[in-house]
Amino acid sequence: MIELIKERTRRSDDVIENLLEGQCMDPDSKYFGSVIDPETGYSEPSRGISIAGYFILRYCNPFSRFYNQELFLERSLIAIKYSLRRMHSDNTFDLTCTNPHDPTSIAFSVRIIAPAFRLLKTHMQKKESPTDLEVKVYNSVMDFLTKSADGMVGNGFHTPNHRWVLASALALVMNILDMPELMSEINSYLDEGIDCDEYGEYAERSISIYNLTNNESLIILAHELSRPDLLEHVRRNLYMSAKYFEPDGTLYTLNSTRQDFGTKTYPFVLFESYMVMAHIDKNPHFAYMAKVIFDMSSSNPYDINDQGFYSFAGRHVQHMEYTDIYKGDVDIEPFDFTHYDAFFPDSDIARIRDGETSMTVLAKNVMAVKYMFKFLSVHMMFLSEGYMEFDRIEKTSEGYRMYGKDSKTEVILDCVFLTEGAKISIEAKADQPYPCAAVLMFDKEGILQGDGYSLKTKKGKNLLVKNSKFSYSHFVKFHPYFLTIESDFTKDAYSGICINKAMPTDKNAFTVFLSAEAPFKKTIFIKKG
């Protein structure tokens, strides 16, 4: 695993070099010492602390090509000064777009700078005498940490994960500054209990953002407070997270309650948690998952999407100090994360995967079913009075069943995962005839073919299909795979009304309507080919 960490450092070095070039060096600028976000046109007050943490890690990390280069301490110093200038008199930062005088912006900053500070302190102690620049940076970080304690105490929080962010940051400051009086504030959060259920899911169900934030917080708390029991939540979450990998390498995000909902996200953000826990626990499964995630990433330094070098920048070895820079190797034992049938009733979701195919059944969300084969996916919704959110989900002998209703219809949806595809049975009950539709969304443009017709599809467009069978494939070259849809939705039952109710259709997908008049019992087969 040590070779993985070395390569990880090398990739991050490329990103940090760009960060160095992007740092504002105009002494007359309000943002002198920070990096301006090109999308917003400004820099958050906390940004300087984060930058300083990344730069200090380079200076202290013997695996980095920037090891012992004083330029990184010089740039760290002006970055810290930027954030100190932007700090309010109550020792908080603003989160510019939403949260003025925000204690959690301080806490997130502490979690980045504190590990770097400890590495710098260790680095200085190994010398006969530290340099003047090292002492200046050390004192500047101490100044920030001292003020941060005041900014984080008694100022509240906004979302569930903020409790653990604040508690973990306070624990770091408590131990670094020897402030045991902070323990009462930490306990005020911990006494609420960790919001992680028996399956490993956190309250916000945000696999690519806030679940990993919680994991990082609990790892810090377990270390700082000598509370290894807190790591049980992390272990459960990481094993659960392995059941959210899709066949195309993305993470399933449609059950998130936060801003990663429905986003196309790759699992590279999970690398650090798997790697750290692999070393803490000597867990070969977590080591394997860390290796799998790392191997998925692009080796192109100019690839700045989710698969590129940039995906590894933000959390670069944030917990290195906890594993003594990953000394001591960890065995890698293959862990099957591509074959399972997992039901998480507290999260209203079932996830089934068999190699290159997967199916998700989700209650309390309009995206009721997703089926994926390799890179092809189809989402199914049910349209009645509006798009229906099914109230509950239960496991059956064959698969999963969901129940939903609105003022017009009551619907039972049975979903069965098959070797060759999936079977979705729909029973729609109604006191009087009412137009409904099964709505299929394809997220890639491609070719739709049926009996006697073939057409190119475009995102944002829709089509009513009246015949019982059609196939769908996308435009990727040398990718001869397709999905075939077979159903008994074959009559034109108020199709115009259904389509008008649904307009405008999703701009990011091509939509197919299969309409019928409730009450009815109908079946859709999805077959891979």
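Since this is a predicted model, take the numbers as computed values, not measurements.

**Structural notes on helix H11 (residues 284-296)**
Line of reasoning, step 1. Its 13 residues give H11 an end-to-end C-alpha distance of 18 Å, which sits within 8% of 18 Å, the value for a rise of 1.5 Å per residue.
Line of reasoning, step 2. Every buried residue of H11 is accounted for by Phe 286, Ala 287, Met 289, Ala 290, Val 292, Ile 293 and Phe 294.
Line of reasoning, step 3. Looking at the buried residues of H11, the elements they touch are helix H1 (2-22), helix H9 (231-241) and helix H10 (271-281).
Line of reasoning, step 4. The N-cap residue of H11 is Asn 283: its side-chain oxygen and the backbone nitrogen of His 285 are 2.8 Å apart.

**Some thoughts on the layout of surface pockets**
Line of reasoning, step 1. Of the volumes computed, that of the second largest pocket is approximately 590 Å³.
Line of reasoning, step 2. Lining the second largest pocket are 23 residues; nearest its centre among them are Leu 254, Gly 262, Thr 263, His 379 and Asp 443.
Line of reasoning, step 3. Of all the elements in the fold, those that place two or more residues in the lining of the second largest pocket are strand E6 (369-373) and strand E7 (376-383).
Line of reasoning, step 4. Partitioned by chemical class, the residues of the lining of the second largest pocket number nine nonpolar, seven polar and seven charged.

**Comments concerning the pattern of salt bridges**
Line of reasoning, step 1. For the structure on display, the rule yields 22 salt bridges.
Line of reasoning, step 2. One salt bridge in this structure joins Glu 246 and Arg 351, with 3.2 Å as the shortest N-O distance. Of the two residues, Glu 246 sits in the loop between H9 and H10 while Arg 351 sits in strand E4 (residues 349-354), which places them 105 residues apart along the sequence.
Line of reasoning, step 3. What makes Glu 246 buried here is its relative accessible area of 2%.
Line of reasoning, step 4. When the shortest N-O distance is used, the salt bridge between Asp 295 and Lys 291 registers 2.7 Å. Highlighted residues: Asp 295 and Lys 291, both in helix H11, separated by four residues, approximately one helical turn.

**Overview of the packing of aromatic side chains**
Line of reasoning, step 1. This model, assessed by the stated rule, comprises 21 aromatic pairs.
Line of reasoning, step 2. Ring geometry for Tyr 266 and Phe 268: centres 5.9 Å apart, planes at 10°, overall stacked. There is no split in this pair, since Tyr 266 and Phe 268 are both buried.
Line of reasoning, step 3. Consider the rings of Phe 271 and Phe 294, whose centres lie 5.7 Å apart with planes at 45°: the pair is tilted.

**Let's talk about the confidence of the model for the chain**
Line of reasoning, step 1. For the chain, the average pLDDT comes to 88, and 91% of its residues sit at 70 or higher.
Line of reasoning, step 2. Here residues 307-311 is a poorly scored stretch, pLDDT under 50, and it has 23 contacts once near neighbours within four places are set aside; other chains count.

**Side note on the nonpolar core**
Line of reasoning, step 1. The biggest cluster of nonpolar side chains holds 116 residues, and the ones touching the most others in it are Val 110, Phe 144 and Leu 145.
Line of reasoning, step 2. At 12 residues, helix H6 (residues 160-177) tops the list of elements feeding residues into this core.
Line of reasoning, step 3. Not counting residues within four places of it along the chain, the set of residues in contact with Leu 145 comprises Val 110, Ile 113, Phe 117, Val 173, Ile 176 and Leu 177.
Line of reasoning, step 4. Counting residues in hydrophobic clusters, the runner-up holds 47 residues, among them Met 359, Ile 393, Val 465 and Phe 470.

What counts and how
Residues numbered from 1 in each chain as written. Predicted model: local features only at pLDDT ≥ 70, side-chain atom pairs only at ≥ 80, totals over all residues. Heavy atoms only, no water. Helix = DSSP H or I, 4+ residues; strand = E, 2+ residues; numbered from the N terminus. Expected span 1.5 Å × (residues − 1). Buried < 20%, exposed > 50% of the residue type's maximum accessible area, 1.4 Å probe, protein only. Contact = heavy atoms within 4.5 Å. Polar contact = N/O pair within 3.5 Å; in protein donor to acceptor, adjacent residues only side chain to side chain. 1 Å grid on protein atoms, 1.4 Å probe; cavity = no way out; pocket = protein on both sides within 12 Å on 5 of 7 lines; lining within 4 Å. Points joined across faces, edges and corners; volume = space filled by probe spheres on them. Nonpolar A, V, L, I, M, F, W, Y, C, P; charged D, E, K, R; others polar. Salt bridge = Lys/Arg side-chain N within 4 Å of Asp/Glu carboxyl O. Phe/Tyr/Trp six-rings, centres within 6.5 Å; stacked < 30°, edge-to-face > 60°. pLDDT = per-residue confidence, 0-100. Core = buried A, V, L, I, M, F, W, Y, C linked by side-chain atoms within 4.5 Å.

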